[in-house]
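Coordinate analysis (summary)
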Amino acid sequence: MMSVRYLPLWITAALLCLMFGIGGWQFDGFASLIVVSNLFSDNAFLLIVALGMTLVIISGGIDLSVGAVIALSGVAASLLISQYQWHPLLAFALILPVAALFGALMGVLIHVYKLQPFIVTLAGMFLARGLATTLSEESVAIDHSFYDAIAEFGFVLPGGGWVGASTMIFIVLLLLVIVLMHYSRFGTYVYALGGNSQSAELMGVPVARTTIAIYVLSSVLAALAGIVFTFYTFSGYALAGVGMELDAIAAVVIGGTLLTGGSGFVIGTVLGVLLMGVIQTYIIFDGSLSSWWTKIVIGLLLFGFILLQKLLSRRTALTTAARSTAHG
Amino acid sequence: MTTPSLVLELKQVCKHFPGVKALQDVDLRLFAGEVHALLGENGAGKSTLVKVMTGALAKSSGEIYFNSQNCSFASPAAAQQAGISTVYQEVNLLPNLSVAQNLFLGHEPRRFGLIQHQKMQQQAQQLLLRFKLNIDVSAPLAQYSVAVQQLIAIARGVAMSAKVLVLDEPTASLDSSEVQMLFDVMRQLRDQGVAIVFITHFLDQVYQISDRITVLRNGSKVGEYLAADLPRARLIEAMLGKELQQLTHQAATTTPAAAELLLVLNNIAVKGSISGISLTVAQGQAVGLAGLLGSGRTEVCRAVYGVDALSQGEIQFGGRTLRLQQPADAIKAGIALCPEERKTEGIIGPLSIRENIMLALQARRGWWRYLPVKQQQQLAAFYIDKLHIATPDAEKPIEQLSGGNQQKVILARWLAINPQLLILDEPTRGIDIGAHAEILLLIKSLCQQGMSLLVTSSELEELVAFAGKVVVLRDRQKVTELSGDTMTAPHIMQAIAEG
């Protein structure tokens, strides 16, 4: 028996298989491990950001700052490495705690002053993007032996796919987040907040601690994504990741997470990112379509999925409505 | 029996909200191994007291002793940690989580920091068997009925509670066999030494299960009694106001005998609530609706105002039969309602006083015949002056006013369209004494001007003061109708209590 909760997840998985099938049927070499492994390595940074975004959205919030945090952490890393000759690991060790602080600040504002996450993280977005541009308007190239080593680190899959450092980092993070969400109290609290934050508080959920931790995680994951992005581009650029927060939100929604919070799965988001990636790959293989068709298809997909969400949540709304009329 | 020990003691606890004193010097003693009923009419302060006791609200002053230690809980989590758990009036669980997760949220069995889902589900299953619930505990809570959710909420409280269990109206959505099951569990816990606070408005249940009773009224403690020593009539007296007995019948606004009937309810019923209610309201008459919470007072008001559809009977208004499909129809006919839930059904918080007053008039004019701001201001100023609404100016958001002044604004909203029948559902609930008296005076003067009123109130003293007659409801049916010399507070009380 299939629960309604898993329905969007299954639909996304089915669409992913369908797209893969169509691509494989039309083009030679589409249905191969090379394409699959490229999907992961090309989208590693988006996947990492989307993990954090899933958490935030399940808790009933949103984080618009992540795209800008990617740029800021990328620029900061490349400046520290190239201009100040820091070892990359040292630079990362500085950047991640700063990002955590940044997320904590947003979480505190959201919790203590009961501000809308939308507006707080919008302010965070401008702040981070502005800081990144102030640090350097130009793209900063990274030339360091550590980066060369990272690029070579990895193994070849049978059939020619390549699993590199970025993919491995993502997979480790994915496993961690899944364990966090489903096997820790914190994860249950995140779902609880998204379900009904007032009830959660009355049931003894530490709302302040949980809210702050959620935004800390999202910012740290975004900073990590920024670092992984520098592995990909060998540079840091203040205008990198513009609009990536929206891609992440789209992936989360396509992956079946309710924008109103309380319901969703990290694995759905991964499927969401991969689906978006497969569509892009298909368009590249086709060659005649403009790459903007990716956006058109994603737009249509989003419409479909929010409609589906509405229909599903109307079902649950019926049961909740029955509860609230119990007043004499 | 050994002398029971005091678990929780509240001394002189006060809680003030802007404009309202929700709790005034309330004392409460809770002993280990007893079921302590906390009683009072709607708005008496029971729920506020529970929230203060369990850390959901901060007290304004007073002291709380838990196991003889002076303490006050900063949050529900802190109270739970100490061993006080609460089942709130509305089911406060998380519909999106599984039954097992709801039962053990924050107390999940863990190994190496990881939640043991299987163990948790087994424990959940066992816990629910005590309530004879054999359900899939891994399914989301939202899939189950309100009654089951209520039992789950109670089971959660039972699982958490070490010393004190607070049940705020736990039986409201349970049927009688479920209630008996709950009582069995409560007795078990009591025998294990747990102190249980039980809030309800079903007096039968109070006498079935309680050892001790504390009665609140208007935010103050009326008294603490042993259940065995307190006859039902005296309990109701305490809940509705003890001083009533000494009150003599005040001269009510008598209606000339020849006055025409404005409203006639002919054996009306609403599916799932009131049944077979008939009453009449004459031109310029104020009719009171009396009864305990849940007796059907509010439901009658809603039916006459067209909120709930009739399943039987008819409403005649001014000689014609009314077919009400929605409140707008009632307003068009000349019926207005000031609802009981002022905050959620009456005011529009962020809008100004002027805008709140204008709503009904503007709605009746239709949106394309916009009333010029200048006229609106004049009208608002007129009512602010006439009803003595305490505010520096008409542009202040209504949510910043005290309860009494908000009520006056809502009255002004309806007076502006000059209805023939004004329904007031608990018009004086939760407002301070001064505004209270003013609203009563206003009701009287409206009657004299020929407006008809249908008023519900828990304050019998109040009803007797202005009503031409009082209709008594019990169990969503009409019990009797009192007027003239028989319309006294003790008589009404008797009618409410009997049965």
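Here the structure is a predicted model, which means the values were calculated and not measured.

Rules of the game
Residues numbered from 1 in each chain as written. Chains lettered and ligands numbered in written order. Predicted model: local features only at pLDDT ≥ 70, side-chain atom pairs only at ≥ 80, totals over all residues. Heavy atoms only, no water. Helix = DSSP H or I, 4+ residues; strand = E, 2+ residues; numbered from the N terminus. Rg over C-alpha atoms; globule rule 2.2 N^0.38 Å. Buried < 20%, exposed > 50% of the residue type's maximum accessible area, 1.4 Å probe, protein only. Contact = heavy atoms within 4.5 Å. Areas by Shrake-Rupley, 256 points an atom, 1.4 Å probe, with all protein chains shown as cover. Lys, Arg positive; Asp, Glu negative; His and termini not counted. Charge placed at Lys NZ, Arg CZ, Asp CG, Glu CD. Domains from an automatic or database assignment. Core = buried A, V, L, I, M, F, W, Y, C linked by side-chain atoms within 4.5 Å. Pairing = 2+ DSSP bridges. Axes fitted to C-alpha atoms, helices over the stretch in contact; angles between N-to-C directions. pLDDT = per-residue confidence, 0-100. Expected span 1.5 Å × (residues − 1). Bend = angle between axes of the 7 residues up to and from the residue. Buried area = accessible area lost by both parts, 1.4 Å probe. Salt bridge = Lys/Arg side-chain N within 4 Å of Asp/Glu carboxyl O. Polar contact = N/O pair within 3.5 Å; in protein donor to acceptor, adjacent residues only side chain to side chain. Nonpolar A, V, L, I, M, F, W, Y, C, P; charged D, E, K, R; others polar. Phe/Tyr/Trp six-rings, centres within 6.5 Å; stacked < 30°, edge-to-face > 60°. Disulfide = S-S within 2.5 Å.

Broken down by element type, chain A carries 14 helices and four strands. Radius of gyration (C-alpha) of chain A: 20 Å, near the 20 Å computed for a compact globule of 328 residues. Burial statistics for chain A: of 328 residues in total, 53% are counted as buried. Residue pairs in contact within chain A that sit at least 24 positions apart in sequence constitute 77% of those at least 6 positions apart. When the accessible surface of chain A is totalled, it reaches about 14,900 Å², and 71% of it is carbon and sulfur.

Counting its regular elements, chain B contains 17 helices and 22 strands. Taken against the 2.2 N^0.38 rule, which gives 23 Å for 499 residues, the C-alpha radius of gyration of chain B at 25 Å falls within 12% of a compact globule. Burial status across chain B gives 56% buried among its 499 residues. Long-range contacts, defined here as pairs at least 24 residues apart, represent 66% of the contacts in chain B between residues at least 6 apart. Per element, the accessible surface of chain B, about 20,800 Å² overall, is 49% carbon and sulfur. Looking at chain B, you have 45 positive and 45 negative side-chain charges, and the mean spots of the two groups are 4 Å apart.

Here the domain parsing of chain B yields domain 1 (6–245) and domain 2 (250–497). Domain 1 of chain B and domain 2 of chain B are separated by 34 Å when their C-alpha centres are compared.

Turning our attention to the nonpolar core. Judged by nonpolar contacts, the single largest core of 144 residues is most densely connected at Val 99, Leu 103, Leu 128, Phe 131, Ile 152 and Met 186 of chain B. It is helix H3 (residues 44–58) of chain A that provides the largest number of residues to this core, a total of 13 residues. In this view, Met 186 of chain B contacts Val 35, Leu 167, Ile 196, Phe 198 and Ile 209 of chain B; residues no more than four positions away in its chain are not counted. Counting residues in hydrophobic clusters, the runner-up holds 98 residues, among them Leu 203, Ala 238, Leu 440 and Val 455 of chain B.

Quick look at the sheet that holds strand E16 (residues 312–317) of chain B now. All names here are of chain B. Read across the open sheet, the four strands follow the order E14-E13-E16-E17; overall the sheet is antiparallel. With one partner strand each, in any of the chains shown, strand E14 (277–282) and strand E17 (320–322) form the two edges of the open sheet. Put simply, the sheet's adjacent strands are angled 20 degrees from each other on average, direction ignored. As defined by bridge partners, E16 adjoins E17 across three bridges and the pair is classed as antiparallel. Bridge assignment links Ile 315 to a residue of E17, and that residue is Leu 322. The strands touched by helix H9 (residues 297–304) within the sheet are strand E13 (261–269), E14 and E16, with E13 carrying the most contacts at an inclination of about 115 degrees.

Moving on, we get to the sheet that holds strand E21 (residues 469–474) of chain B. Residues and elements named next belong to chain B. The six strands are arranged E18-E19-E20-E15-E21-E22 in an open sheet whose pairing can be described as mixed. Looking at the sheet topology across the chains shown, the edges are occupied by strand E18 (335–338) and strand E22 (477–483). Across the sheet, the axes of successive neighbouring strands diverge by a mean angle of 20 degrees, strand direction being ignored. Direction of pairing for strand E15 (residues 286–290) relative to E21: parallel, over a ladder of four bridges. What sits directly across from Gly 288, in E21, is Val 470. Packing against the sheet, H9 makes contact with E15, E18, strand E19 (421–425), strand E20 (452–456) and E21, and its axis sits at approximately 150 degrees to E19. Docked against the sheet, helix H17 (residues 489–497) engages E15, E21 and E22, running at close to 20 degrees with respect to E21.

Let's shift gears to the confidence of the model for chain A. Overall, the predicted model of chain A reaches an average pLDDT of 90, with 94% of residues at or above 70. Throughout residues 319–328 of chain A the model reports pLDDT below 50, and contacts reaching past four residues in sequence, or to other chains, amount to 13 contacts.

Moving on, we get to helix H12 (residues 353–365) of chain B. All names here are of chain B. Compared with the 18 Å implied by 1.5 Å per residue over 13 residues, the 19 Å span of H12 between its first and last C-alpha is a close match. A maximum bend of about 45 degrees is found in H12 at Leu 359. For H12, every residue scored as buried is listed here: Ile 353, Arg 354, Asn 356, Ile 357, Met 358, Ala 360, Leu 361 and Gln 362. Residue Gly 366 follows H12 closely and has a positive phi angle near 95 degrees.

This part takes up the interface of chain B and chain A. Every contact between the two is made by 35 residues of chain B and, on the other side, 28 residues of chain A. For the chain B and chain A pair, buried surface summed over both sides reaches about 2,700 Å², with 59% attributable to carbon and sulfur atoms. On the surface where chain B and chain A come into contact, there are one salt bridge. Put simply, Glu 108 of chain B and Arg 185 of chain A hold a salt bridge, and the shortest N to O gap is 2.7 Å. Along the contact surface separating chain B from chain A lie ten residue pairs in polar contact (both at pLDDT 80 or more). Breaking the side of chain B that touches chain A down by element, the ones donating at least two residues are helix H2 (76–82), helix H3 (99–104), strand E8 (114–115), helix H5 (146–160) and H9 of chain B. Looking at the side of chain B that touches chain A, its residues break down into 15 nonpolar, 13 polar and seven charged.

Residues and elements named next belong to chain A. Considering all chains together, one arrives at 20 aromatic pairs over all chains under this definition. Here Phe 45 and Tyr 232 contribute two aromatic rings whose centre-to-centre distance is 5.6 Å and whose plane-to-plane angle is 50 degrees, an arrangement assigned as tilted. Here Phe 45, found in helix H3, pairs with Tyr 232, found in helix H11 (residues 207–233); they are 187 residues apart in sequence, far enough to count as distant. You can call Tyr 232 partly exposed: its relative accessible area is 43%.

Attention now goes to the confidence of the model for chain B. On average, residues of chain B score 84 in pLDDT, and 93% of them reach the 70 mark or higher. Below a pLDDT of 50 lies the segment residues 242–255 of chain B, which in the model reaches 30 contacts outside its immediate sequence neighbourhood of four places, other chains included.

Residues and elements named next belong to chain B. Within this structure, the stated rule accounts for zero disulfides over all chains. The structure places no disulfide on Cys 447, whose sulfur is separated from the nearest cysteine sulfur, that of Cys 338, by 14 Å. The exposure class assigned to Cys 447 is buried, which follows from its relative accessible area of 6%.

Another point: the pattern of salt bridges. All names here are of chain B. Inspection of every chain in the model, using the stated rule, returns 14 salt bridges over all chains. The salt bridge partner of Arg 297 is Glu 426, with a shortest N-O separation of 3.4 Å. Of the two residues, Arg 297 is situated in helix H9 and Glu 426 in the loop between E19 and helix H15 (433–448); the sequence distance between them amounts to 129 residues. Each member of the pair, Arg 297 together with Glu 426, is buried. Note that Lys 469 is salt-bridged to Glu 481, the shortest N-O span being 3.4 Å. Taken together, the residues span a long stretch of sequence, with Lys 469 in strand E21 and Glu 481 in strand E22 at a distance of twelve residues. Note on Lys 469: relative accessible area 8%, which makes it buried.

Right, let's get into H9 of chain B. All names here are of chain B. Within H9, seven of the eight residues are buried, leaving the element largely enclosed by the surrounding structure. Taken together, the buried positions of H9 are Arg 297, Thr 298, Glu 299, Val 300, Cys 301, Ala 303 and Val 304. Looking one or two residues past H9, Gly 306 carries a phi angle of roughly 80 degrees, positive in sign.

All names here are of chain B. Note that Thr 54 resides in the loop between helix H1 (46–53) and strand E4 (61–66). Here Val 50 takes part through its backbone oxygen, which lies 2.8 Å from a polar atom of the side chain of Thr 54. Discounting residues that sit within four places of it in the chain, Thr 54 has contacts with Ser 75, Pro 76, Ala 79, Ile 84, Thr 86, Tyr 88 and Val 166.

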